[in-house]
Amino acid sequence: MSLELWKEFENCCAVTVMGESTINALSATLISSRALRGIRPYTVDRSVLRKVLVKGLEDKIQFGKKFSKYTINPDSVTITFEDGTESSGTLLVGADGGRSQIRQIFLPDFKTVDPEGICIFGKTPITDELKKRILPKALQWFVVVRDTAPVIQQVIWGSELPVSMFVEKMSFPNRSLTEMELPEDYLYWSMLLPTKLLGMTEDAVTASINRPSTEIGLDITCEWDPSLKCIIELQDPSQGAAIRIISGPPMLPEWETSDRVALIGDAIHVMAPSGGVGVATALKDASILSDKLAQGGISKSSIGAYESEMRIYAEASIRRSFAGGKLFFGQPPFDQCKEVSFKATSGEE
Ligand SMILES: Cc1cc2nc3c(=O)[nH]c(=O)nc-3n(C[C@H](O)[C@H](O)[C@H](O)COP(=O)(O)OP(=O)(O)OC[C@H]3O[C@@H](n4cnc5c(N)ncnc54)[C@H](O)[C@@H]3O)c2cc1C
């Protein structure tokens, strides 16, 4: 990234307030609260970050194409999209997320598991009404709202069945310094909960998660204090979603390095959002892979060097997500999680 673009990125960031509070969901009382010292991380709106990252590359990117299969040729790789069109190049970098179709073809035996968690997330505009109703502490800095099951339910399930909601104020102080269109200030929130809370059977969970995410959020928070529940009530329904969490193994399996296909981001190390490091790990992949390719060209040795480094920090990130998952939504250890299988709809030729 050029220095000029980096400056643009900084101008597009939201304020990072260095501190965190944990709040009881039912009483809206503080459980813990502390300022943080150290390196100030950047707080970004995802759509804005994407706009910054693609600046200057617009004519090299095509949107609206769905990957279907790839073909390895003697000196190139050809991708076929679902609309039947093709594109060829020297290296296919699979960055197509946790359910990556490229991974399903490249590493058909790769295992992902179900950590028994659901993530609901959304945005709530900071309006006068929200300011009147919300707990003021929730606007100070990063907040985690904690809720656990009553004791008999804990005995039945053998778990506290914790629900955790993360709330972060996104306010953009440098609007006047950038031409980039920035959103109005809002609260970004995400909630992690055990899948069991949506239903006792697979069918019940599927039916429940297919409802609008606002409805799921309102159900889960129905006993919460009004000064916290209002974050869900006043959300922008068009910005919300609910997803089932999946995770890869902390120790990535061995595979034969290819000089035509490499995987980065969630495509190779999908993890629960409970570590807060999925994007950072994906960006690190992109940076290291591009450095290795710049130094050694497109070769098995460059890609293998990236893969060796990536295995080490990806393992640390996935372990951190598992530790967070246990605390935030009662995630079981990896070896107790059920396997999730995906079927590649097409393949390598
Ligand atoms: C609620 C929530 C909160 C999170 N919070 C954080 C956080 O605070 N910090 C953090 O570091 N991480 C966080 N994460 C994790 C983070 O979002 C992911 O790790 C990150 O987005 C991975 O980036 P990626 O580019 O590898 O995959 P994705 O962001 O999943 O991007 C994959 C892209 O590939 C496209 N795609 C998929 N299949 C195809 C196909 N067949 N053809 C064409 N395109 C395709 C998709 O449309 C998508 O655009 C969070 C995740 C969630 C769900």
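Along each chain, residues carry numbers from 1 onward, in the same order as the chain's sequence is written. Where totals are concerned, whole chains, interfaces and linings use all residues; where local detail is concerned, this predicted model gives features only for residues with pLDDT of at least 70, and gives and counts side-chain atom pairs only at 80 or more. Excluding hydrogens and water, the side-chain values take into account all heavy atoms of the structure.

- Going by the annotation in an unreviewed UniProt entry, the name recorded for the chain is Putative Tetracycline resistance protein from transposon/Tn4400, with Glarea lozoyensis given as the source organism.

Examining the site of the ligand
Here is step 1: Near the ligand, the surroundings consist of 21 residues, among which Arg46, Phe67, Asp266, Gly278 and Val279 are the closest.
Here is step 2: Arg46 is positioned with one of its side-chain polar atoms (N or O) 2.8 Å from an oxygen atom of the ligand.
Here is step 3: In the environment of the ligand, an oxygen atom lies 2.8 Å from a nitrogen or oxygen atom belonging to the side chain of Asp266.
Here is step 4: Within the complex, the protein chains bury 63% of what would otherwise be the 990 Å² of accessible surface of the ligand.
Here is step 5: Helix and strand definitions follow DSSP, with helices as H or I runs of at least four residues and strands as E runs of at least two, each counted in order from the N terminus. Sorting the residues of the shell around the ligand by element identifies β8 (117-125), β11 (186-194) and α10 (278-296) as the ones contributing at least two each.
Here is step 6: The leading source of residues in the shell around the ligand is α10, at three residues.
Here is step 7: Each residue receives one of three labels: charged for Asp, Glu, Lys and Arg, nonpolar for Ala, Val, Leu, Ile, Met, Phe, Trp, Tyr, Cys and Pro, and polar for the others, Gly being one of them. Residue classes in the shell around the ligand are distributed as 10 nonpolar, six polar and five charged.
Here is step 8: Note that domain bounds follow an automatic or database assignment of domains. Per-domain counts for the shell around the ligand show at least three residues from each of domain 1 (3-45 + 116-244) and domain 2 (96-114 + 249-349). Any residue with at least one heavy atom within 4 Å of a molecule or strand is counted as near it. Two N or O atoms count as a polar contact when they lie within 3.5 Å, although within protein this holds only if one can serve as hydrogen donor and the other as acceptor, and sequence-adjacent residues are included solely when both atoms are side-chain atoms. The Shrake-Rupley method, run with a 1.4 Å probe sphere, supplies the accessible areas, and residue values consider only the shown protein chains as cover.

Thoughts on the nonpolar core
Here is step 1: Only buried Ala, Val, Leu, Ile, Met, Phe, Trp, Tyr and Cys residues count toward a nonpolar core, and they belong to the same one when joined by side-chain atoms within 4.5 Å. For each residue, the accessible area found with a 1.4 Å probe, counting protein chains only, is set against the maximum for its type, and the residue is called buried under 20%, exposed over 50%, and partly exposed in between. One finds Met165 and Met191 to be the most contacted residues of the largest nonpolar core, which totals 30 residues.
Here is step 2: Breaking this core down by element, the ones donating at least two residues are β8, β9 (142-147), β10 (163-170), β11, α7 (213-220) and α8 (226-233).
Here is step 3: If we ignore the near neighbours within four places in the chain, the residues touching Met165 are Val143, Val144, Val145, Trp189, Ser190, Met191, Trp224, Leu228, Ile231 and Ile232.
Here is step 4: Listed in part, the 28 residues of the second largest apolar core include Ile79, Phe81, Leu92 and Ile102. Contacts: residue pairs with any heavy atoms within 4.5 Å of one another.

A look at the sheet that holds strand β5 (residues 86-89)
Here is step 1: A pair of strands counts as paired when DSSP detects no fewer than two bridges linking them. Ordered in space as β3-β4-β5, the three strands form an open sheet in which the pairing is antiparallel. Taken across any chain shown, the strands that pair with only one partner, and hence form the sheet edges, are β3 (67-72) and β5. If you compare each strand with its neighbour and ignore which way they point, the axes differ by 20° on average.
Here is step 2: When strand β4 (residues 77-81) meets β5, the two strands line up antiparallel, connected through four bridges. Note that in β5 the partner of Thr80 across the bridge is Glu86. For every element, the axis is a line fit to its C-alpha atoms; helices are fit only across the contacting stretch, and the angle between N-to-C directions ranges from 0 to 180 degrees.

Overview of the domain arrangement of the chain
Interface size is commonly expressed as the accessible surface area that is lost when the partners come together.
Here is step 1: Domain boundaries in the chain define domain 1 (3-45 + 116-244) and domain 2 (96-114 + 249-349).
Here is step 2: Here domain 1 and domain 2 have C-alpha centroids that lie 26 Å from each other.
Here is step 3: Counting residues at the interface gives 13 residues for domain 1 and 11 residues for domain 2.
Here is step 4: Interface area for domain 1 against domain 2, summed over the two sides, is near 940 Å², with a carbon-plus-sulfur share of 58%.
Here is step 5: Buried area adds together the accessible area that both of two parts lose upon being put together, with accessible area traced by a 1.4 Å probe. When the buried surface of domain 1 facing domain 2 is broken down by residue, Glu116, Leu192 and Arg244 rank first, second and third, together holding 53% of it.

Some remarks on the side chain of Thr16
Here is step 1: Within the secondary structure, Thr16 sits in the loop between α1 (3-12) and β1 (19-24).
Here is step 2: For Thr16, a relative accessible area of 12% translates into the label buried.
Here is step 3: At 2.8 Å, the side chain of Thr16 forms a polar contact with the backbone oxygen of Pro41.
Here is step 4: Beyond its immediate sequence surroundings of up to four residues, Thr16 is in contact with Arg40, Pro41, Tyr42 and Thr43.

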